[in-house]
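Structural features, examined
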Amino acid sequence: MFVEKFMQEFNTKPVIADGRDAYNFSAGPCVLPKAVLVKSAEEMLNYRGSGQSVQELSHRQDEFRYISENTKAEIKKFLQVPDTHRVMLQQGGATMQYTAIAKNLLGLKPDRIANLLITGLWSLQNYDEMKKYGTVNIVANNVSDNDCTRMVPPSKWKVDPKGSFFHFCCNETVNGFEQDYDKFPWHLIPKDMPVIGDMSSNVGTKPIPWDKFAMIYMGAQKNLGPAGCTVMVIRNDLIGKCADKDVPILCDWDLFEKSPDTYYNTPAIFPMYVTGLNCSYMNQMGGLAYYDQITHMKSKMLWDFIDSSDGFYKSKITDKSYRSRVNVIFRIHDGNVKLEATFI
C-alpha cells in the first residue's frame, strides 16, 4: 500500500570520504553514510510534512506504516529475499532471538533437540540460552577443541537427525571466524531440517543461499543501521507452526504477525526508520553485488598486508578459508602488549 521504488532518493555519487570528523572501525555500531545521517536530521522535527518527529509517531498511523513497509521492502530488495520468506522487525537484538528460536521451533520434533555448531563467543552464548528450553546437541565446538584457531573437520561433526533445527553463527565477530557458504558441508544436515543463521556481523556482504536457510536474524547495528532494530527473515511455513504455549509475548512470531501492522507493542521507530534509509541508500549504491565486491576488495588488501608482514602481524586462525572478511583479528609481534597499545 505504501511501498515506493525507494524509501528515499539519495545522491550516490561515489566519494572517497564523506567529510565526517571521525570514523569508527569497531565491529559495531556501524558507520552510517553521511547522507543518511543528514536526511534523518532533516526529518527529526517534521517527518514528511506531518508536523511530528519520527520519534513522536504513533505505530498506528500512516506515517509509521510508510516507514515499516518501506523498511521491510528495502531490506527484502537488498538481501534478495524470496517470497518464500518474510521480513520481520523487532527489538531486543539478535540475543533475544536465541530464546525466540527455541520457543518457536524446538517443538518441530518431539525430542526438542537443537543442533548447534559452536564456533566462538556468540554461538557459545546461544548455547547457554537454548539449553534452558530443550536438549542441545553440540555438533562441533571450536572453543573447547582448539580455541577457535580452526574449524573442527566436518568429518567429526555430529548432527542429530532427531533435531528440530540446525543453528550456526555465520560470522563470529569476536573470534574473526566466518563460514563460507560455498564450502559449507550442507550435505551433513538432513534436507527436512531447518537451518538457522545468526548473520549479525556479515549480513549484506555476500549473497545468501536462500534455498539453504529457513531463517536468518541479526541486530541491525553492525551492517544495516543503528542499534535498536532487529531483523529476522523467516520462512513462511515456520511461523505459527509449533510455538510453545508459554512462549514469551515478545518472542511470539505468530502473535506479532497477526497483530495490527505486524506489531504487538510499540516498536523502536527511529532505529527502524534509519535502517530503512540506510538500506535504501545501499540499494541505490548497487545493492548486494556492490557490497560483496567492496568487502572482498577491502578484506583482501588487509589480509595481504598482514600475510606479507613476515609474522609481525599475525592471526591465530590457521585455516585461511575461515578467516573473516569483515572482522579481521590479529596480534602484533606475538602479542607484544606495549606495541599493541601503541598501535591502538
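Structure: above.
Residues numbered from 1 in each chain as written. Predicted model: local features only at pLDDT ≥ 70, side-chain atom pairs only at ≥ 80, totals over all residues. Heavy atoms only, no water.

1. Some thoughts on the packing of helix α1 (residues 34–42) against helix α7 (residues 269–285)
Put simply, the rule reads: Note on definitions: angles span 0 to 180 degrees between N-to-C directions of axes, and those axes are lines fitted to C-alpha atoms, for helices only across the stretch in contact. Where helices and strands are cited, they refer to DSSP runs of H or I of at least four residues and of E of at least two residues respectively, numbered from the N terminus. Should an angle lie under 35 degrees it is considered roughly parallel, over 145 roughly antiparallel, and from 65 to 115 roughly perpendicular; all remaining angles are considered oblique. A crossing counts as left-handed when the near helix is turned anticlockwise from the far one by less than a right angle, and as right-handed when that turn is clockwise. Contacts are residue-level and defined by heavy atoms, with any inter-residue pair within 4.5 Å sufficient. Note on residue classes: Ala, Val, Leu, Ile, Met, Phe, Trp, Tyr, Cys and Pro are nonpolar, Asp, Glu, Lys and Arg are charged, and everything else, Gly too, is polar.
Contact geometry of α1 with α7 gives a least axis separation of 10 Å together with a crossing angle of 135 degrees. Here α1 is positioned oblique relative to α7, judged by the angle of their axes. In this structure, α1 meets α7 at a crossing whose hand is right-handed. Facing α1, whose interface residues are A35, V36, K39 and S40, α7 presents F270, Y273, V274, L277, N278 and Y281. Of the residues that constitute the contact of α1 with α7, the class distribution is 7 nonpolar, 2 polar and 1 charged.

2. Remarks on the packing of aromatic side chains
Let me state the cut-off plainly: Aromatic rings from Phe, Tyr and Trp, taking only the six-membered ring of Trp, are treated as a pair when their centres fall within 6.5 Å; an angle between ring planes under 30 degrees marks them as stacked, one over 60 as edge-to-face, and anything in between as tilted. In this scheme, a residue with accessible area under 20% of its type's maximum is buried, one over 50% is exposed, and one in between is partly exposed, where area comes from a 1.4 Å probe on protein chains only. Geometrically, a lysine NZ or arginine CZ counts as sitting over a ring once it is within 6 Å of the ring centre and also within 35 degrees of the ring normal.
The final tally for this structure, using the stated rule, is 23 aromatic pairs. Relative to Y313, the ring of F312 has its centre 4.9 Å away and its plane inclined at 90 degrees; by these criteria the two rings are edge-to-face. Look at F312 and you get partly exposed, because its relative accessible area is 31%. Among the aromatic side chains, those forming a connected cluster through ring pairs are W157, F166, F168, Y181, F184, W186 and F213. Over the ring of Y181 we find K206; its NZ or CZ atom is 4.1 Å from the centre of that ring.

3. Overview of the environment of G28
By secondary structure assignment, the location of G28 is in the segment before α1. Separated by 278 residues in sequence, G28 and I306 place their C-alpha atoms 22 Å apart.

4. Here's the deal with the layout of surface pockets
The condition that has to hold: Only protein atoms enter the 1 Å grid used here, on which a cavity is any set of points holding a 1.4 Å probe that cannot leave and a pocket is any open set flanked by protein within 12 Å on both sides along at least five of seven lines; residues with an atom within 4 Å of a point are listed as lining. Grid points are joined across faces, edges and corners, and a volume is the space filled by probe spheres set on the points.
Counted as a void, the largest pocket has a volume near 1,900 Å³. Together, 47 residues line the largest pocket, and N24, F25, V31, I294 and K298 are the ones closest to its centre. Taken together, the elements giving at least two residues each to the lining of the largest pocket come down to α1, α7 and α8 (287–307). The biggest single contributor to the lining of the largest pocket is α8, with 9 residues.

5. Details of a nonpolar patch on the surface
As a reminder of what qualifies: In this scheme, patches are assembled from residues that exceed 30% relative accessible area and form no salt bridge. Like charges are connected within 9 Å, while nonpolar side chains (Val, Leu, Ile, Met, Phe, Trp, Tyr) are connected within 5 Å. Note on areas: Shrake-Rupley, 1.4 Å probe, and residue coverage restricted to the protein chains presented here. Salt bridge criterion: a side-chain nitrogen from Lys or Arg within 4 Å of a carboxyl oxygen from Asp or Glu.
Together, Y23, F25 and V31 give the surface a local cluster of nonpolar side chains, amounting to about 360 Å² of exposed area. Assignment of secondary structure puts V31 in the segment before α1. Of the residues examined, V31 reaches a relative accessible area of 33% and is grouped as partly exposed.

6. Some details on the environment of K77
Along the chain, the position of K77 falls in helix α2 (residues 62–79). Beyond its immediate stretch of four places on either side in the chain, K77 contacts K5, F6 and N283.

7. A word on the pattern of salt bridges
Scanning the model with the defined rule gives 23 salt bridges in all. A salt bridge links D147 to K316, with the nearest nitrogen and oxygen atoms 3.5 Å apart. With D147 in the loop between α5 (142–146) and β4 (165–169) and K316 in the loop between β10 (313–314) and β11 (331–332), this residue pair connects regions lying 169 residues apart in the sequence. Residues participating in the shared-partner salt-bridge network are K103, R112, D244 and D246.

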